[in-house]
Amino acid sequence: MKPLLLPDFCAPRAVLLVLVIITLTALLLTLAAPGPGPGFWGELARRQLFLIWVGLTGAALLCALRPYIAARGALTGALLVLAVVLLVVAAVSESAWWILHSALFNPSALLGRPPVTHSLFLARNLLIGAMVGALALRYAYVTQQWRLNVEAQARARSDALQARIRPHFLYNSMNTIAALTRSDPARAEEAVLDLTELFRANLDERRNLITLQEELENARTYLRIEQLRMGERLRVHWDVAALPMQAQIPALTLQPLLENAILHGVSKLPGGGEVHVDGNAADGALVLKVRNRMPLEGGGTHAGHGIALENIRERLSLLHGGRSSVTAGREGDEFVVQLRFPVVEAPRTNAG
């Protein structure tokens, strides 16, 4: 059963939308009335007051009934929403009829002339309520369908981008293991176990987002594989203790940066070199930096660097939009990559 995509009328944004619809409807009804003259603004105010009672009462009822209506299915839910709208219109119309015909509350027609025919007044209001309610429902449905489609496309794009990283990562890791197979079988076996652990953590398609702690652990596992191949030529310094470890990050974000730092930097230096991983968090944003020394010649941004950076930039953009950034470039004798994105912590699960 397909659920009804009903807006959350408890949210301020939905209430604002209701008020906008009320204002436009009141304006259209007043402009459509025959001969709007000196009493135009008074008529507009009276119609808007009437519609505010209808709109806000209806929004309050739909806010309270939203879980029940959403569970009824699309067609039944839509009919229930229209029934609530018409019920509110009928109740407010009856109240308005009684007030306008009351000498106590409307002396000398101060609030406006009372309608002559009760049934016509009620039927007209119900018809307008049904039309406006149906149009608003359609607008809400189309808007939410568009939002869901955008989110689905973003998830699919993120999955595709992440899948492009994995074969490249597997290729390089298997080359490392192949190099160790004859020279040091025990270390090759250890590297295979590390690789297995990495893929167990990262090839779960249901978890494209992982915690920063998991990403750092995966990066350290990858570095153990490289350390077996490069030995003392590779030195890594970590300064990430102050970071929020439960912050969410796309899987395989840090590992490609470390891979590039080693492939295009440390491995090309005669005596090897150091890779620095630094991080800090402030004002709701997390900053990660990967720094490594570069050879004096040919130390620009290589094609591999560019592919990995563009991949990470696009995945972060899909997740955070314009609130994320990826910058890279040479600073002195170092190549520095900086990632900046909002801190969104993973939901904590209750143990036991």
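Everything here concerns the structure above.
Every value quoted in this text rests on a predicted model; they were computed, and no experiment measured them.

### Here's the deal with the overall build of the protein chain
Consideration 1: When helices and strands are tallied, the protein chain shows eight helices and seven strands.
Consideration 2: For the protein chain, the proportion of its 352 residues judged to be buried stands at 39%.
Consideration 3: Pairs at least 24 apart in sequence give 72% of the contacts found in the protein chain among residues at least 6 apart.
Consideration 4: When the accessible area of the protein chain is evaluated, it comes to approximately 19900 Å², of which 63% is carbon and sulfur surface.

### Considerations on the pairing of strand 6 (residues 325-331)
Consideration 1: Direction of pairing for strand 6 relative to strand 7 (residues 334-342): antiparallel, over a ladder of seven bridges. Bridged to Gly329 within strand 7 is Val336.
Consideration 2: Between strand 6 and strand 7, which follow one another and run antiparallel, lie two residues, and Gly332 among them has a positive phi close to 70°.

### Here we look at the nonpolar core
Across soluble globular proteins, nonpolar side chains have a tendency to be buried as a group.
Consideration 1: The biggest cluster of nonpolar side chains holds 42 residues, and the ones touching the most others in it are Leu258, Leu288 and Leu339.
Consideration 2: Put simply, the parts of the chain that give this core at least two residues each are helix 4 (118-183), helix 5 (185-202), helix 6 (212-230), helix 7 (254-264), strand 4 (273-282), strand 5 (285-293), helix 8 (303-320) and strand 7.
Consideration 3: Top element by residues in this core is helix 6. It accounts for eight residues.
Consideration 4: Apart from residues lying up to four places away in sequence, Leu258 is in contact with Ala219, Tyr222, Leu223, Trp238, Val275, Val277 and Val290.
Consideration 5: Core analysis: the next-biggest nonpolar cluster, separate from the first, contains 24 residues, Val18, Val54, Val88 and Val92 among them.

### Observations concerning the sheet that holds strand 4
Consideration 1: The five strands are arranged 2-4-5-7-6 in an open sheet whose pairing can be described as mixed. Single-partner strands in this sheet number two, and they are strand 2 (234-239) and strand 6. Neighbour-to-neighbour, the strand axes of the sheet open up by a mean angle of 15°, direction not taken into account.
Consideration 2: The sheet strands contacting helix 6 are strand 2 and strand 5, and the helix crosses strand 2 at an angle near 165°.

### Comments concerning the pairing of strand 5
Consideration 1: Sheet topology note: the strand 4/strand 5 ladder contains eight bridges and is antiparallel. Residue pairing across strands places Asp278 opposite Lys289, the latter belonging to strand 5.
Consideration 2: In sequence, strand 4 turns back onto strand 5 through a hairpin of two residues, with Asp283 there showing a positive phi of about 55°.
Consideration 3: As paired elements, strand 5 and strand 7 share nine bridges and run antiparallel to each other. If you follow Ala285 over to strand 7, its bridge partner there is Pro342.

### With respect to the packing of aromatic side chains
Consideration 1: Applying the stated rule across the entire model yields one aromatic pair.
Consideration 2: Look at Trp97 and Phe121: their rings are 6.1 Å apart centre to centre, the planes differ by 40°, and that puts the pair in the tilted class. Here the residue Trp97 occupies a position in helix 3 (residues 74-100), and Phe121 occupies one in helix 4, the gap between them amounting to 24 residues. Each of the two residues, Trp97 as well as Phe121, counts as buried.
Consideration 3: The side chain of Arg220 reaches across the aromatic face of Trp238, ending 4.3 Å from its centre.

### Considerations on the pattern of salt bridges
Consideration 1: Scanning all chains against the criterion turns up nine salt bridges.
Consideration 2: Across the salt bridge formed by Glu43 and Arg47, the nearest N and O atoms sit 3.5 Å from each other. With a gap of four residues between them, Glu43 and Arg47 both fall in helix 2 (residues 40-70), about one helical turn apart.
Consideration 3: Between Glu334 and Arg291 there is a salt bridge whose closest N-O contact spans 3.1 Å. Here Arg291 lies in strand 5 and Glu334 lies in strand 7, a separation of 43 residues in the sequence.
Consideration 4: Via salt bridges that share partners, Glu43, Arg46 and Arg47 belong to a single interconnected network.

### Looking at unusual backbone geometry
Consideration 1: Although it is not a glycine, Leu252 sits at a positive phi angle of roughly 60°.
Consideration 2: Relative to the assigned elements, Leu252 resides in the loop between strand 3 (248-250) and helix 7.
Consideration 3: Non-glycine residue Asp283 carries a positive phi angle of around 55°.
Consideration 4: Examined against the element boundaries, Asp283 turns out to sit in the loop between strand 4 and strand 5.

Conventions we followed
Residues numbered from 1 in each chain as written. Predicted model: local features only at pLDDT ≥ 70, side-chain atom pairs only at ≥ 80, totals over all residues. Heavy atoms only, no water. Helix = DSSP H or I, 4+ residues; strand = E, 2+ residues; numbered from the N terminus. Buried < 20%, exposed > 50% of the residue type's maximum accessible area, 1.4 Å probe, protein only. Contact = heavy atoms within 4.5 Å. Areas by Shrake-Rupley, 256 points an atom, 1.4 Å probe, with all protein chains shown as cover. Pairing = 2+ DSSP bridges. Core = buried A, V, L, I, M, F, W, Y, C linked by side-chain atoms within 4.5 Å. Axes fitted to C-alpha atoms, helices over the stretch in contact; angles between N-to-C directions. Phe/Tyr/Trp six-rings, centres within 6.5 Å; stacked < 30°, edge-to-face > 60°. Lys NZ or Arg CZ within 6 Å of the ring centre and 35° of its normal. Salt bridge = Lys/Arg side-chain N within 4 Å of Asp/Glu carboxyl O.

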